[in-house]
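Now for the letters of each chain:
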2 protein chains.
Amino acid sequence: MKMLRFRKDGRVQWGWLMGEDHVTPMRKLDGEPAGEVYPIRELELLPPAEPSKIVCVGRNYADHIKEMGHAFGEDLPAEPGLFLKAPNTLVPSGAEVTYPDWTEELHYEGELAAVIGQTARNVGEEEALGYVLGYTNALDLTARDKQKSDLQWIRAKSADGFLPLGPVLETELDPNATVVRTWVNDELRQEASTELMIFPVARVISYVSRFMTLEPGDVVLTGTPSGVGPLARGDRVRVEVEGVGRALEVRIV
Amino acid sequence: MKMLRFRKDGRVQWGWLMGEDHVTPMRKLDGEPAGEVYPIRELELLPPAEPSKIVCVGRNYADHIKEMGHAFGEDLPAEPGLFLKAPNTLVPSGAEVTYPDWTEELHYEGELAAVIGQTARNVGEEEALGYVLGYTNALDLTARDKQKSDLQWIRAKSADGFLPLGPVLETELDPNATVVRTWVNDELRQEASTELMIFPVARVISYVSRFMTLEPGDVVLTGTPSGVGPLARGDRVRVEVEGVGRALEVRIV
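What you see is a predicted model, and the numbers here were worked out from it, not measured in a lab. (Residues numbered from 1 in each chain as written. Chains lettered and ligands numbered in written order. Predicted model: local features only at pLDDT ≥ 70, side-chain atom pairs only at ≥ 80, totals over all residues. Heavy atoms only, no water.)

Asks: What is the right way to read the pattern of salt bridges from this model?
Replies: Residue and element names in this part refer to chain B. Applying the stated rule across the entire model yields 40 salt bridges over all chains. Asp-186 serves as the salt-bridge partner of Arg-236, at 3.2 Å between the closest nitrogen and oxygen. Here the residue Arg-236 occupies a position in strand 20 (residues 236-241), and Asp-186 occupies one in the loop between strand 16 (179-184) and strand 17 (187-193), the gap between them amounting to 50 residues. On the basis of relative accessibility, which here comes to 49%, the residue Asp-186 falls in the partly exposed class. Glu-249 serves as the salt-bridge partner of Arg-236, at 3.4 Å between the closest nitrogen and oxygen. Here Glu-249 lies in strand 21 (residues 248-252) and Arg-236 lies in strand 20, a separation of 13 residues in the sequence. (Salt bridge = Lys/Arg side-chain N within 4 Å of Asp/Glu carboxyl O. Helix = DSSP H or I, 4+ residues; strand = E, 2+ residues; numbered from the N terminus. Buried < 20%, exposed > 50% of the residue type's maximum accessible area, 1.4 Å probe, protein only.)

Structure below.
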């Protein structure tokens, strides 16, 4: 089932997607339909999460670690390498994202995102996926030059608009058996099975929850596969996780 | 004037401190008193901020950069080195903070914190302090071993309870002419004038606002002076910024 968050008549609501192009709002986030049906074209779609924090895995596909120039031979990371993005980064599908004037190297990184549904503290790997409300498409925009030169990855990863997310949350996906794809101007640039993740989603959530309480609405980005690259003003970027569907698409301006 | 955030009878409110030990609640955050007066001892004091993000300066006092082992000669950083803490770190003065079992090196870092009062985007340095609601005491707890070994500083800086903050917000402080002091078990460990900051508070806020929109309630930590060091279970840590007063005090358990 696919959930959406939207604004209609000034009011932010959640709803279920019915068929291809209708949405029925929910009375509460736990899912009871309210009875009305809206055509999706009448709604302003919003990112399907309201996180207090956004936790990201920096290196989770071996081929992406290699392309970033990190030699590791047999030494894959022993623990997930994490970083934060701040909530000011969130924009919906359809947004125009400004290419900042302080970077010369804005890169796309398509990813699978998990949105947390219940407070998760010290959860085991075997139960971790039960704390996920659903999965969606994410574009982890990155100022690669500042990622290299700054003390930490905050400007590189947390500038305004640097996390297009959505538009739908799929509640029934198997995050270990799907495919992440990224296109730039309709050219396929990234394509990888999530089976290739070094740390599966459940292990990441369990690991994070040992030091940081995850709250409903928090977002976990699961890392990007190889094929990252630079963007130019005017580019259209599309990310679609198989099974989530309803591609995320933004334009860089 | 000193503002507080507190819970009374299950309801979270803001108020003004009257004299030493009374609080008058506000009708709204912009300051109109509601008429009642509460003895402060009847209130559960909360961190005086509800941030969507917490932005921190990593290296803002030359003597602390030296003690961390970074040689720099004449080369002070040209731009503030920033990192994020996540909101799960916030705890009030009086809290007991758990020494995590995954670190061997929990350090205190006493700091001056600024709490943002108005949305700040691309603000100039000369007007930046006008976006501050007030100033308070902060303890930036840090897992020094994980800061060195992890990919980024998230576990080192953003574990649950790693940001004791408060208890009062002083609205009329000059952040460029005060003194930050930290005690461990009543022994003075850090003492430095904020005049020694490499990047004054106004410059930090202006710099951040060029890539990240600051929202009301957001917190800016301004860096720690020299004198940081390890904590043990049972230690009491106290931070007091001169002019803010009402020391922040927590116990490590």
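Asks: Can you walk me through the pairing of strand 11 (residues 110-116) of chain A in this structure?
Replies: Taken residue by residue, a regular strand's side chains alternate between the two faces of the sheet. Residues and elements named next belong to chain A. Among the seven residues in strand 11, seven count as buried, and that is most of the element. Residues Gly-110, Leu-112, Ala-114 and Ile-116 point to one face of strand 11 and Glu-111, Ala-113 and Val-115 to the other, with burial holding for every one of them. In terms of strand pairing, strand 11 meets strand 12 (residues 132-139) through seven bridges, oriented antiparallel. When the sheet's bridge partners are listed, Ala-114 is paired in strand 12 with Tyr-135. Across three bridges, strand 11 lies against strand 18 (residues 219-221) in antiparallel orientation. (Pairing = 2+ DSSP bridges.)

Asks: Just to check I follow, could you spell out the interface of chain A and chain B for this structure?
Replies: Put simply, an interface is often sized by how much accessible area is lost when its parts join up. Counting residues at the interface gives 30 residues for chain A and 30 residues for chain B. Overall, the association of chain A and chain B removes approximately 2500 Å² of surface from exposure, summing both partners, and the carbon and sulfur fraction of that is 63%. Considering only the side of chain A, the residues that lose the most area to chain B are Leu-151, Ile-154 and Phe-211 of chain A, jointly responsible for 28% of the buried surface there. Summed over the shared surface of chain A and chain B, the result is two salt bridges. Between Arg-155 of chain B and Glu-79 of chain A there is a salt bridge whose closest N-O contact spans 3.1 Å. At the surface where chain A touches chain B, the tally comes to ten residue pairs in polar contact (both at pLDDT 80 or more). Looking at the side of chain A that touches chain B, the elements that each hand over two or more residues are strand 7 (82-85) and helix 3 (154-158) of chain A. By residue number, the principal contributor to the side of chain A that touches chain B is strand 7 of chain A, which donates four residues. When the residues that make up the side of chain A that touches chain B are grouped by side-chain class, the tally is 14 nonpolar, seven polar and nine charged. (Contact = heavy atoms within 4.5 Å. Buried area = accessible area lost by both parts, 1.4 Å probe. Polar contact = N/O pair within 3.5 Å; in protein donor to acceptor, adjacent residues only side chain to side chain. Nonpolar A, V, L, I, M, F, W, Y, C, P; charged D, E, K, R; others polar.)

Asks: Just checking my understanding: could you explain the domain arrangement of chain A for this structure?
Replies: All names here are of chain A. Domain assignment breaks chain A into domain 1 (1-46) and domain 2 (47-252). A separation of 25 Å is found between the C-alpha centroids of domain 1 and domain 2. Facing the twelve residues of domain 1 at the interface are 15 residues of domain 2. Of the roughly 1200 Å² buried at the junction of domain 1 and domain 2 (both faces included), carbon and sulfur atoms supply 51%. Considering only the surface of domain 1 that becomes buried against domain 2, Met-1, Lys-2 and Met-3 emerge as the three largest contributors, covering 40% of it. Our count for the contact surface shared by domain 1 and domain 2 stands at three salt bridges. Linking Glu-20 and Arg-246 is a salt bridge whose minimum nitrogen-to-oxygen distance equals 3.7 Å. Taken together, the elements giving at least two residues each to the side of domain 1 that touches domain 2 come down to strand 1 (2-8), strand 2 (11-18) and strand 5 (44-46). (Domains from an automatic or database assignment.)

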